[in-house]
Amino acid sequence: MNAKAPLIEVFTSIQGEGRHVGVPTTFVRVAVCPIRCGYCDTPNSYVVPKQFPVEVGGAATQHDNPVTAERAAQLVGESSAASRFGAPEWVSVTGGEPLLYPEFVRQLGAAWRAGGGRLALETAALDPAALARCIDQVDHLSADYKLPGTLLEGDAAAAGLRAAECVAIAADRSATIDVKLVLTAAFDESALADAWERLRTFRERIVVVLQPVTPFGAATRRCPPERVARVSAAARRAGFAVRVLPQVHPVLGLR
C-alpha cells in the first residue's frame, strides 16, 4: 500500500452530518479542493501543510505530509482506539476533496475494512472516474449536490451533473448513498427541479439530506425556514426519502 495523500488532520469525534449523525467516527481529512463553496467551514484544507496533527486521546502528535495509506490506517487505528466516544467502527475520509486521491481512498478503505471496520466517503462528487476507482472499498457515500448560488468558484450546473454520475456509480455497488444539498440564503431554488430529475432513477437507493447552512465564511445568513420546508416538501413529492439535518457537531461544541 504505497498510495499517498496530503492530510490536514486525523481525529475522532461524532459524525455531525447525514444519516449517521451522532455515530462515533474517526475522520481523515485530506488537503486541497478544486472548488470554493461560500459556506465552506474548512478553508484550512485548501493548501497542503508540511505536517498534520493526529488526535490520540487528549493529545495530538505531528506527522509529515504526504502520508501513505498504510501509515494513515495505522494512525486511524491509534486515534480510534483512544477515543473518548469508544472505538468507532466508522472511518470517514473527507476534505478538502478525497477524490483527488482515489487510490489512497481505496487502499485506506481496504486496510480498515479488513479488520471489520467500515469506510464512509464524503465528497463534492466532482470526478466520477475517480470514484469508480475506489467505490469497491466504500461502504457509504455522502455526495454533495452543489446548487447554483452556493459556489464562489466553480460551475454548479456542471457539478450537479457529475454528482448524479457519481450516484449512478455508487448505486451499482452495495454502498449506501446520501445526496447532500446545502441550503444557503442565496441558493437558486429554480435549479431543484433539475436535481430531482437527474436523481429520480436512484430515488429508491438514496437519502436526500437537506442541510440548512451553518453560517460561516461568505455564508453569513441562515436559510429561511420557509424555504427549507418548501424544498423538503418538493423532494418528498418527487418520491425521495428526505432528512432535514443541520450540522450537529457545532451545536455540541465538537469538530
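Everything discussed here concerns the structure shown above.
The shown structure was predicted, so the numbers you read here are calculated from the model rather than taken from an experiment. (Residues numbered from 1 in each chain as written. Predicted model: local features only at pLDDT ≥ 70, side-chain atom pairs only at ≥ 80, totals over all residues. Heavy atoms only, no water.)

(A) Representation of helix 5 (residues 192–199). Among the residues of helix 5, Leu192, Ala195, Trp196 and Leu199 are the ones counted as buried. End-on view of helix 5: buried residues confined to an arc of 95°, all on one side of the axis. On its buried face, helix 5 sits against helix 4 (156–171), strand 12 (176–183), strand 13 (206–212) and helix 6 (225–237). (Buried < 20%, exposed > 50% of the residue type's maximum accessible area, 1.4 Å probe, protein only. Helix = DSSP H or I, 4+ residues; strand = E, 2+ residues; numbered from the N terminus. Arc of directions from axis to C-beta. Contact = heavy atoms within 4.5 Å.)

(B) Region of the structure containing the packing of aromatic side chains. Inspection of the entire model under this criterion finds two aromatic pairs. Their ring planes at 20° and their centres at 5.1 Å tell us that Phe11 and Phe27 sit as a pair that is stacked. Placement of Phe11 in strand 2 (residues 7–14) and of Phe27 in strand 3 (residues 24–30) is noted, with a sequence separation of 16 residues between them. Pairing Trp196 with Phe240 gives two aromatic rings, centres 5.5 Å apart and planes at 45°, and the pair type is tilted. Separated by 44 residues along the polypeptide, Trp196 in helix 5 and Phe240 in the loop between helix 6 and strand 14 (241–244) bring together distant segments of the chain. In this structure Trp196 comes out as buried when scored by relative accessible area, which is 9%. (Phe/Tyr/Trp six-rings, centres within 6.5 Å; stacked < 30°, edge-to-face > 60°.)

(C) Highlighting unusual backbone geometry. The amide bond that connects Asn65 to the next residue, Pro66, takes the cis arrangement and shows omega of -10°. Note that the residue after Gly95, namely Gly96, is joined by a cis bond; omega there is 15°. Positionally, Gly96 belongs in the loop between strand 8 (90–94) and helix 2 (102–114). Positioned with a positive phi, Val32 is a non-glycine residue whose angle comes to about 85°. Structurally, Val32 is set in the loop between strand 3 and strand 4 (36–37). Even without a glycine there, the phi angle at Ala125 is positive, about 55°. Note on placement: Ala125 falls in the loop between strand 9 (118–123) and helix 3 (128–134). For Ala125, a relative accessible area of 0% translates into the label buried.

(D) Structural view of the state of the cysteines. If you walk through the whole model with that rule in mind, you get zero disulfides. Looking at the unpaired Cys37, the closest cysteine sulfur is the one in Cys33, lying at 6.3 Å. A residue is classified by how much of its surface remains accessible, and Cys37, at 11% relative accessible area, is buried. Free cysteine Cys166: the closest other cysteine sulfur is in Cys134, separated by 9.2 Å. (Disulfide = S-S within 2.5 Å.)

(E) Empty space enclosed by the protein, seen in detail. Counted by the stated rule, this structure contains two cavities of 30 Å³ or more. In this structure, the largest cavity occupies an estimated 100 Å³ of space. Lining the largest cavity are 13 residues, and of these Glu17, Gly18, His140, Ser142 and Asp178 lie nearest its centre. Counting only elements with at least two residues in the lining of the largest cavity, the list comes to strand 9, strand 10 (140–144) and strand 12. Split into classes, the residues belonging to the lining of the largest cavity amount to two nonpolar, six polar and five charged. Taken as a whole, the second largest cavity holds about 30 Å³ of empty space. Lining the second largest cavity, in full, are Gln15, His20, Val23, Thr25, Trp90, Ser92 and Ala120. (1 Å grid on protein atoms, 1.4 Å probe; cavity = no way out; pocket = protein on both sides within 12 Å on 5 of 7 lines; lining within 4 Å. Points joined across faces, edges and corners; volume = space filled by probe spheres on them. Nonpolar A, V, L, I, M, F, W, Y, C, P; charged D, E, K, R; others polar.)

(F) Structural context of the environment of Ala124. Among the structural elements, Ala124 can be located in the loop between strand 9 and helix 3. In this structure Ala124 comes out as buried when scored by relative accessible area, which is 6%. The spatial distance from the C-alpha of Ala124 to the C-alpha of Asn65 is 23 Å, given a sequence separation of 59 residues.

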